[in-house]
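# Observations on the model geometry
Chain residues, written in single-letter form:
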Amino acid sequence: MTLPTRDSSPDALHTAMVRRLARSGKVLTDAVADAMAAVPRHHFLPAVPPRVAYSEQDIITKRTADGPVLSWASAPGTVATTLEQLIVLPDQTILEIGTGTGYTTALLAHLTGKGGHVTTLDIDPDLTVAARDTLTATGHTAITALTGDGRHGHPDGAPYHRIVAADAWDIPAAWWDQLGRGGRLVVPLRLRGASWSIGFAHHGDRMVSDMAEPAGLTPMISHVSHEGERVASIHQDGLVSLAWDQDQPISSTVLSGVLYRDRAVALSGVVSGRSSPVDGIWLRLAATEAGCCRITARGPAVTSQLCTPAIPLGSPALVDADSLAYLTLTREHDGYAHVLGAIGHGPKGHQLTDRIITAIHAWDKDRTAAPTITLHRGTPDTTTRTRMIIKGENRLTITY
């Protein structure tokens, strides 16, 4: 987290945030830069000190009575990435699923201008009321803020030129129907245990990506928002868990105790900097492997060397029946670089580590390669040779 240390007035912090986002490459266009410069973020986070509101961090805005997070304000860089992916043009109609604080709503209104319109939906009436009050107080009156389940969209305002949504596991039929042909949908889509902010162009019965970035936005709050994702522990004390999709033949019961079975270790020879992203490896595995999923290890599992994923909070893994392998790394002597590798357990542990090493090398040949992620409405041409990922009524393919 980066906190400004000089002039701490809200205006100065606001200016510093915009400059920081431009330097980082999160803001690429003048339109998004102008919008973020025009909308003060701290107005939408009145309970948070301005220096925190303008720092590069997610800010929790609501929890349940027993602690789990219900809503948070995404970090400015995440918001900027979303706006760049959405490519809002003047005079367009926009549907936002997940109002939150209303900050992104105000940015969208600035981008589309007086000739456009923003409709925003949130399932939590408290958030809707608070956001509407703040938007009105800050002069954003040409916005329709409604309480409702975002899965159903808002047909009265359709068709929309743009739809932007909170985290979801699948694309509801209402979004297909309410987005105009040629329009754009941006959504952090859950995929094999990870979340990717994807910019889709609408082509009738297909949504085709042209942008994809790792994401960590607030899940769409609905009893079926992640209905296709399964999460379960594979350790008796709950120290290690997996997350996978409903179309995958993965059983946590079969894998119980797998971490105590025969252990295979393989190193790729590929070096990655300490802060270099390796998310592309995850997508490579998702594109080719039926058993690609997420592994998460809690502190005691890592410190005891029971399970040492590259990123303990969530790393790619492969499962085949009663065997498991996951991405790991070893630190170089300089402390700043790591060698990527894989650790496997079970009868097929060696084969699974080899397949992860293959994905590492494919990623290393072109670390900036962007796949095309295509969401098909219904079942596409069955002659395709691309692996299908089943998402409810939709099908998804990843091609390089």
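Residues numbered from 1 in each chain as written. Predicted model: local features only at pLDDT ≥ 70, side-chain atom pairs only at ≥ 80, totals over all residues. Heavy atoms only, no water.

## Details of the overall build of the chain
When you go through the chain residue by residue, the secondary structure sums to eleven helices and 19 strands. Taking 400 residues into account, the globule formula puts the C-alpha radius of gyration at 21 Å, and the chain, at 22 Å, falls close to it. Within the chain, contacts between residues at least 6 apart in sequence are counted, and of these 59% link residues at least 24 apart. When the accessible surface of the chain is totalled, it reaches about 17800 Å², and 52% of it is carbon and sulfur. When the 35 basic and 39 acidic side-chain charges of the chain are each reduced to a single mean position, those positions are 3 Å apart. (Helix = DSSP H or I, 4+ residues; strand = E, 2+ residues; numbered from the N terminus. Rg over C-alpha atoms; globule rule 2.2 N^0.38 Å. Contact = heavy atoms within 4.5 Å. Areas by Shrake-Rupley, 256 points an atom, 1.4 Å probe, with all protein chains shown as cover. Lys, Arg positive; Asp, Glu negative; His and termini not counted. Charge placed at Lys NZ, Arg CZ, Asp CG, Glu CD.)

## Thoughts on the pairing of strand 6 (residues 160-165)
With five of its six residues buried, strand 6 lies for the most part within the structure. Looking at chain direction, strand 3 (residues 93-97) and strand 6 are connected through four bridges and run parallel. Its bridge partner lying in strand 6, Ile94 is registered against Arg162. Sheet topology note: the strand 6/strand 7 (residues 179-191) ladder contains four bridges and is parallel. Note that in strand 7 the partner of Arg162 across the bridge is Arg184. For the crossover that starts at strand 6, traverses helix 7 (residues 173-178) and ends in the parallel strand 7, the hand is right-handed. (Buried < 20%, exposed > 50% of the residue type's maximum accessible area, 1.4 Å probe, protein only. Pairing = 2+ DSSP bridges. Right-handed = clockwise from strand over helix to strand, strands pointing away.)

## Side note on the nonpolar core
Where a protein is soluble and globular, its nonpolar side chains tend to be buried together. Counting 48 residues, the largest nonpolar core has Trp175, Leu185, Phe200, Ile281 and Ile398 as its most contacted members. When residues no more than four places from it in sequence are discounted, the contact partners of Ile398 are Leu191, Leu283, Ala286, Ala287, Pro371, Thr372, Ile373, Thr386 and Ile389. By size, the runner-up hydrophobic cluster in this structure holds 28 residues, among which are Ala106, Leu111, Leu135 and Val164. (Core = buried A, V, L, I, M, F, W, Y, C linked by side-chain atoms within 4.5 Å.)

## Describing the packing of aromatic side chains
Across all of its chains, the model carries one aromatic pair by this definition. The ring of Tyr400 is capped by Arg284, whose NZ or CZ atom sits 3.7 Å from the centre of that ring. (Phe/Tyr/Trp six-rings, centres within 6.5 Å; stacked < 30°, edge-to-face > 60°. Lys NZ or Arg CZ within 6 Å of the ring centre and 35° of its normal.)

## Considerations on the pattern of salt bridges
According to the stated counting rule, one finds 13 salt bridges in the structure shown. Of the charged contacts in the structure, one is a salt bridge between Arg151 and Asp149, with a shortest N-O distance of 2.5 Å. Each member of the pair, Arg151 as well as Asp149, is classed as buried. One connected set of salt bridges, linked through shared partners, spans Lys62, Asp124 and Asp126. (Salt bridge = Lys/Arg side-chain N within 4 Å of Asp/Glu carboxyl O.)

## A look at the sheet that holds strand 13 (residues 292-297)
Strand order in the open sheet formed by seven strands is 10-11-13-14-15-16-12, and the pairing between neighbours is antiparallel. The sheet is open, and its two edges are formed by strand 10 (229-233) and strand 12 (263-273), each paired on a single side. Looking at each pair of strands side by side, their axes are set apart by 30 degrees on average, direction ignored. (Axes fitted to C-alpha atoms, helices over the stretch in contact; angles between N-to-C directions.)

## Structural notes on the environment of Asp167
As for its position among the elements, Asp167 is in the loop between strand 6 and helix 7. Considered as a pair, Asp167 and Leu191 are 24 residues apart in the sequence and their alpha carbons are 11 Å apart. Within the local environment of Asp167, its side chain forms a polar contact with the side chain of Ser195, the two groups lying 3.0 Å apart. (Polar contact = N/O pair within 3.5 Å; in protein donor to acceptor, adjacent residues only side chain to side chain.)

## Regarding the packing of helix 4 (residues 76-86) against helix 5 (residues 103-112)
Helix-helix packing is characterised by the crossing angle of the two axes and by the distance between the axes. Contact pair helix 4 / helix 5: the axes reach a minimum separation of 11 Å and the direction vectors enclose 35 degrees. With respect to the hand of their crossing, helix 4 and helix 5 are arranged in right-handed fashion. Where helix 4 abuts helix 5, its residues Val79, Leu83 and Leu86 lie against Tyr103, Thr104, Leu107, Leu108 and Leu111. The residue inventory of the contact of helix 4 with helix 5, partitioned by class, reads seven nonpolar, one polar and no charged. (Left-handed = near helix turned anticlockwise from the far one by under 90°. Nonpolar A, V, L, I, M, F, W, Y, C, P; charged D, E, K, R; others polar.)

## Describing helix 6 (residues 125-137)
An α-helix turns once per 3.6 residues; consequently, residues spaced three or four apart project the same way. The terminal C-alpha atoms of helix 6 lie 18 Å apart, and with 13 residues this matches the ideal 18 Å at 1.5 Å per residue to within 8%. Every buried residue belonging to helix 6 is among Leu127, Thr128, Ala131, Thr134 and Leu135, and all of these are buried. The buried residues of helix 6 occupy one face: seen down the axis, they fall within an arc of 140 degrees. The exposed residues of helix 6 that point more than 90 degrees off its buried face are Asp126, Asp133 and Ala137. (Expected span 1.5 Å × (residues − 1). Arc of directions from axis to C-beta.)

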